[in-house]
Amino acid sequence: MSVKICVFCGSSMGRDKVYQEAAREVAGFFVKNNISLVYGGAKVGLMKILADTLLENHKEVIGIMPGMLVDKEVAHEGLSEFIEVKTMAERKAKMIELSDGFIALPGGFGTLDELSEILIYNQLRINDKPLGILNVNGYFDQLLAFFDHAVVEGYVRAEHRNNILVSDNIPELMEKMQAYRPVSMGKWLKDIKVESR
Ligand code: AMP
């Protein structure tokens, strides 16, 4: 069975062609390394580029989408497998269940929602699958700076901030994901109980 990586990314193409190029590079890396794609199942935006590039190369693409989006006619009809679910929450749960790891490419609120879900799942050790952010063209710089700010202000633990793997190129990002080791639960939970006394 091939490794399955779930990619979160824009339902839009983005302003600069560099983002579309990055989506093609990710898809090319998946093809070369026989990695299957799990994603939101759409035929729009960066999602379409990813899915189409893998399909052209006869690789497995699994799309997961809630019925209300299928009704809006954004579903990709040519996938290896299409899973229709009832809700956005169910979609994320299915993405997490099927995938061995997660990569966020540039995107909007949908992408942010999905990557946040993985961050909190990793923090609570509900799953130990790695999350990588592909920081194309510095797109995520301000978000990463916000995470650093949250550490300084005492709302995010440094070790959880360090759970987020970042690179501007896909081979290095995948290497970091392979080396991912989760943070143990015990210490930080004890710390927050102590500081709340
Ligand atoms: P966004 O980043 O806001 O463009 O949303 C993209 C992410 O949210 C994708 O990873 C999808 O799983 C989900 N999503 C949001 N909008 C759509 C859509 N129109 N079709 C399919 N999935 C979507």
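### As for the sheet that holds strand 4 (residues 81-85)
Argument step 1. Read from one edge of the open sheet, seven strands run 4-3-2-1-5-6-7, paired in parallel fashion. Either end of the sheet is taken by a strand with one partner, and the two such strands are strand 4 and strand 7 (165-167). Pairs of neighbouring strands in the sheet enclose a mean axial angle of 25°, with direction left out of account.
Argument step 2. The sheet contact formed by strand 2 (residues 36-39) and strand 3 (residues 61-66) spans three bridges and is parallel. Bridge pairing in strand 3 places Val38 opposite Ile62.
Argument step 3. Docked against the sheet, helix 8 (residues 170-178) engages strand 1 (4-8), strand 5 (101-104), strand 6 (131-134) and strand 7, running at close to 160° with respect to strand 7.

### Re the pattern of salt bridges
Argument step 1. Applying the stated criterion across every chain yields a total of 11 salt bridges.
Argument step 2. For Lys92, the salt bridge goes to Glu117, with nearest N and O atoms at 3.5 Å. Taken together, the positions of Lys92 in helix 4 (residues 88-98) and Glu117 in helix 5 (residues 109-123) put the pair 25 residues apart, joining distant regions of the chain. The same class applies to Lys92 and to Glu117, which are both buried.
Argument step 3. Connected through salt bridges with shared partners, the residues Lys92, Asp113 and Glu117 form a single ionic network.

### Section: helix 1 (residues 17-32)
Since one α-helical turn is 3.6 residues long, residues separated by three or four positions face the same way.
Argument step 1. An ideal rise of 1.5 Å per residue puts 22 Å on 16 residues; helix 1 measures up with 23 Å between its terminal C-alpha atoms.
Argument step 2. Among all positions of helix 1, only Tyr19, Gln20, Ala22, Ala23, Val26, Ala27, Phe29 and Phe30 are buried.
Argument step 3. Where helix 1 is buried, its residues contact strand 1, strand 2, helix 2 (45-56), strand 5, strand 6 and helix 8.
Argument step 4. Sitting at the amino-terminal end of helix 1 is Asp16, which places a side-chain oxygen 2.9 Å from the backbone nitrogen of Val18.
Argument step 5. Following helix 1 by one or two positions, Asn34 has its phi on the positive side, about 55°.

### Some words on the pairing of strand 3
Argument step 1. Burial analysis of strand 3 places six of its six residues in the buried class, which makes it a mostly covered element.
Argument step 2. Because side chains alternate across strand 3, one face comprises the buried residues Val61, Gly63 and Met65, and the other comprises Ile62, Ile64 and Pro66, equally buried.
Argument step 3. In this fold, the crossover linking strand 2 to strand 3 by way of helix 2 has right-handed handedness.
Argument step 4. By the bridge criterion, five bridges tie strand 3 to strand 4 in an arrangement that is parallel. Opposite Pro66, over in strand 4, you have Val85 as the bridge partner.

### Thoughts on the nonpolar core
Argument step 1. Ranked by size, the top nonpolar core spans 34 residues in total, and within it Val7, Phe30 and Ile103 carry the most contacts.
Argument step 2. Elements with a contribution of two residues or more to this core: strand 1, helix 1, strand 2, helix 2, strand 3 and helix 8.
Argument step 3. Per-element tally for this core: the top contributor is helix 1, with seven residues.
Argument step 4. When neighbours within four sequence positions are excluded, Ile103 is seen to be in contact with Ile5, Cys6, Val7, Phe8, Phe30, Gly132, Leu134, Ile170, Leu173, Met174 and Met177.
Argument step 5. In terms of nonpolar packing, the next biggest core, distinct from the first, is built from 20 residues, Phe8, Val38, Ala104 and Leu131 among them.

### So, the pairing of strand 5
Taken residue by residue, a regular strand's side chains alternate between the two faces of the sheet.
Argument step 1. Where burial is concerned, the two faces of strand 5 agree: the one with Gly101 and Ile103 and the one with Phe102 and Ala104 are both buried.
Argument step 2. By the bridge criterion, four bridges tie strand 1 to strand 5 in an arrangement that is parallel. In the sheet register, Val7 faces strand 5, and the bridge partner there is Ile103.
Argument step 3. Across three bridges, the pairing between strand 5 and strand 6 is parallel. Within the sheet, the bridge partner assigned to Ile103 lies in strand 6 and is Gly132.
Argument step 4. The handedness of the strand 5 to strand 6 crossover, carried by helix 5, is right-handed.

### Points about the packing of aromatic side chains
Argument step 1. For the structure on display, the rule yields four aromatic pairs.
Argument step 2. The interplanar angle of 85° and the centroid separation of 5.0 Å between the aromatic rings of Tyr139 and Phe140 together place this pair among those described as edge-to-face.
Argument step 3. Look at Phe140 and you get buried, because its relative accessible area is 4%.
Argument step 4. When the centroid spacing of 6.2 Å and the interplanar angle of 55° are considered together, the rings of Phe146 and Phe147 count as tilted.
Argument step 5. In this structure Phe146 comes out as partly exposed when scored by relative accessible area, which is 47%.

Cut-offs applied
Residues numbered from 1 in each chain as written. Predicted model: local features only at pLDDT ≥ 70, side-chain atom pairs only at ≥ 80, totals over all residues. Heavy atoms only, no water. Pairing = 2+ DSSP bridges. Helix = DSSP H or I, 4+ residues; strand = E, 2+ residues; numbered from the N terminus. Axes fitted to C-alpha atoms, helices over the stretch in contact; angles between N-to-C directions. Contact = heavy atoms within 4.5 Å. Salt bridge = Lys/Arg side-chain N within 4 Å of Asp/Glu carboxyl O. Buried < 20%, exposed > 50% of the residue type's maximum accessible area, 1.4 Å probe, protein only. Expected span 1.5 Å × (residues − 1). Polar contact = N/O pair within 3.5 Å; in protein donor to acceptor, adjacent residues only side chain to side chain. Right-handed = clockwise from strand over helix to strand, strands pointing away. Core = buried A, V, L, I, M, F, W, Y, C linked by side-chain atoms within 4.5 Å. Phe/Tyr/Trp six-rings, centres within 6.5 Å; stacked < 30°, edge-to-face > 60°.

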